[in-house]
Amino acid sequence: MDEKTEELRDIFMDVTDESTVTEQQVETHGSLDSEAAIDDRLAEVVGQMRDRYDFATTLSDTDLVTVVRGFYAGDSDADIARELGDASLGKTVARARIDLHLLRDADEDAPFELDALRDLLEADSSTSECAAELDVSESTVRRYRRVVEAKRQRRTVNDQFRNEFENILQDRELSDRMTESVQEDGLDDATEGMETNVSF
């Protein structure tokens, strides 16, 4: 320990009444404990949604947590598929994401007015009837039917599940920011009002 380091240590010990100085131990949002707790909370919401709705996805709840995290991290469906270990799962991820009420603007870029499809569905029109009326393929109808249904479900529960996902992830971010702030401000608070004359 050189002379300057000793001086700084002595100042810290004087103002904090601590007898020892240890290295800072930081729990980041990458720590296993905090991440596992966040995953558990997200999985609980995913499980509630699976119980309530008829999920078409073959992805596990653990995979769906990865979808939720990726969506809020701004990752594309292809990025999330790669995170799941299979780049070919892009369409599967998109369907799962819509099941989870996590819609992107691009999901609503249909070659027809979604309101027209909504009206047909409310009139109990079949997939083939919708396709004929809208002059699109049945697969296109099925794709946008999922979007219309997800939007309806979101309205029915007042976007409850998206709000829960966001609250869980925001709690994590807030906790991280508060921890960082405490770590950065701790020594400043301890030395406030103290005059030091340490020259480098």
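Keep in mind the model is a prediction, meaning the values are calculated, not measured. (Residues numbered from 1 in each chain as written. Predicted model: local features only at pLDDT ≥ 70, side-chain atom pairs only at ≥ 80, totals over all residues. Heavy atoms only, no water.)

Undergrad: Can you walk me through the overall build of the chain in this structure?
TA: Counting secondary structure elements, the chain contains 9 helices and 0 strands. Walking the chain from its N terminus toward its C terminus, one meets helices and strands in the order α-α-α-α-α-α-α-α-α. Going through the 200 residues of the chain one by one, you find that 32% of them count as buried. For the chain, the share of sequence-separated contacts (at least 6 apart) that also reach a separation of at least 24 residues comes to 66%. Accessible surface, the chain as shown: approximately 12,900 Å² in total, 43% of it carbon and sulfur. (Helix = DSSP H or I, 4+ residues; strand = E, 2+ residues; numbered from the N terminus. Buried < 20%, exposed > 50% of the residue type's maximum accessible area, 1.4 Å probe, protein only. Contact = heavy atoms within 4.5 Å. Areas by Shrake-Rupley, 256 points an atom, 1.4 Å probe, with all protein chains shown as cover.)

Undergrad: Whenever I open this one, the packing of helix 6 (residues 114-122) against helix 8 (residues 138-156) confuses me. Can you help?
TA: Two quantities define a packed helix pair, namely the angle between the helix axes and the distance between the axes. Relative to each other, helix 6 and helix 8 sit at 80 degrees, their axes nearing to 10 Å. What the angle tells us is that helix 6 and helix 8 run roughly perpendicular. From helix 6, Leu114, Leu117, Arg118 and Leu121 reach across to helix 8, where they touch Val141, Tyr144, Arg145, Val147, Val148, Lys151 and Arg155. In the contact of helix 6 with helix 8, the residues fall into 7 nonpolar, no polar and 4 charged. (Axes fitted to C-alpha atoms, helices over the stretch in contact; angles between N-to-C directions. Parallel < 35°, antiparallel > 145°, perpendicular 65-115°, else oblique. Nonpolar A, V, L, I, M, F, W, Y, C, P; charged D, E, K, R; others polar.)

Undergrad: Teacher, can you tell me more about the pattern of salt bridges here?
TA: Pairing of side chains with opposite charge becomes possible as their charged atoms draw close. On inspection of all chains with the given rule, the structure shows 13 salt bridges. Residues arginine 69 and glutamate 35 are paired through a salt bridge, measuring 3.1 Å at the closest nitrogen-oxygen approach. Linking arginine 69 in helix 3 (residues 61-72) with glutamate 35 in helix 2 (residues 32-52), this pair joins segments that are 34 residues apart in sequence. Salt-bridge contacts for arginine 69 lead to aspartate 39; the nearest nitrogen and oxygen are separated by 2.7 Å. (Salt bridge = Lys/Arg side-chain N within 4 Å of Asp/Glu carboxyl O.)

Undergrad: Looking at this structure, how should I read helix 8?
TA: Counting along an α-helix, one turn takes 3.6 residues, and residues three or four places apart therefore face a common direction. In this model, helix 8 (19 residues) spans 26 Å end to end at C-alpha, consistent with the 27 Å of a helix rising 1.5 Å per residue. Residues of helix 8 that are buried include every one of Val141, Tyr144, Val147, Val148, Ala150, Gln153 and Arg154, and no others. Phi for asparagine 158, located one or two positions after helix 8, is positive at around 55 degrees. (Expected span 1.5 Å × (residues − 1).)

Undergrad: Before we go on, may I ask you to explain the packing of aromatic side chains in this structure?
TA: Aromatic ring pairs are described here by two measures, namely the spacing of the ring centres and the angle between the planes. Under the definition given, this model contains 3 aromatic pairs. Where phenylalanine 71 meets tyrosine 72, the ring centres are 5.0 Å apart and the plane angle is 90 degrees; that geometry is what we call edge-to-face. For phenylalanine 71, a relative accessible area of 13% corresponds to the buried category. The interplanar angle of 80 degrees and the centroid separation of 5.7 Å between the aromatic rings of phenylalanine 112 and tyrosine 144 together place this pair among those described as edge-to-face. Residue phenylalanine 112 is located in the loop between helix 5 (90-99) and helix 6, and its partner tyrosine 144 is located in helix 8; the two are separated by 32 residues in the primary sequence. Like tyrosine 144, phenylalanine 112 is buried. (Phe/Tyr/Trp six-rings, centres within 6.5 Å; stacked < 30°, edge-to-face > 60°.)

Undergrad: Quick question: what am I supposed to make of the packing of helix 6 against helix 7 (residues 127-134) here?
TA: At their nearest, the axes of helix 6 and helix 7 sit 10 Å apart, and the two run at 145 degrees to each other. Helix-helix and strand crossings are classified by hand; for helix 6 and helix 7 the assignment is right-handed. Residues Ala116, Leu117, Leu120 and Leu121 of helix 6 pack against Cys130, Glu133 and Leu134 of helix 7. Residue composition of the contact of helix 6 with helix 7, grouped by class: 6 nonpolar, no polar and 1 charged. (Left-handed = near helix turned anticlockwise from the far one by under 90°.)

Undergrad: Help me understand unusual backbone geometry, please; the structure alone is not making it clear to me.
TA: Among all residues except glycine, the phi angle is most often negative; among peptide bonds, the trans geometry is most common. Here the phi dihedral of aspartate 135 falls at roughly 60 degrees; this positive angle occurs in a residue that is not glycine. Structurally, the position occupied by aspartate 135 is in the loop between helix 7 and helix 8.

Undergrad: So what exactly am I meant to see when it comes to the nonpolar core here?
TA: Across soluble globular proteins, nonpolar side chains have a tendency to be buried as a group. Ranked by size, the top nonpolar core spans 24 residues in total, and within it Leu42, Val46, Met49, Leu64, Val68, Leu100 and Phe165 carry the most contacts. The contacts of valine 68, once residues within four sequence positions are left out, are Leu42, Val46, Leu100, Leu102 and Phe165. (Core = buried A, V, L, I, M, F, W, Y, C linked by side-chain atoms within 4.5 Å.)

Undergrad: Can you help me understand the confidence of the model for the chain in this one?
TA: The predicted structure's coordinates, where accompanied by low pLDDT, should not be read in detail. Per-residue confidence for the chain averages 82 on the pLDDT scale, and 69% of its residues sit at or above 70. Taken as a whole, residues 21-32 scores under 50 in pLDDT and shows 14 contacts with residues more than four places along the chain or in a different chain. (pLDDT = per-residue confidence, 0-100.)

Undergrad: Could you clarify how one ought to interpret helix 7 in this entry?
TA: Inspection of helix 7 places Thr127, Cys130, Ala131 and Leu134 among the buried residues, and these make up the whole buried set. Buried residues of helix 7 fall within an arc of 100 degrees about the axis and therefore sit on the same side. Counted as exposed and oriented over 90 degrees from the buried face of helix 7: Ala132 and Glu133. Looking at the buried positions of helix 7, the neighbouring elements they touch are helix 6 and helix 8. Following helix 7 by one or two positions, aspartate 135 has its phi on the positive side, about 60 degrees. (Arc of directions from axis to C-beta.)

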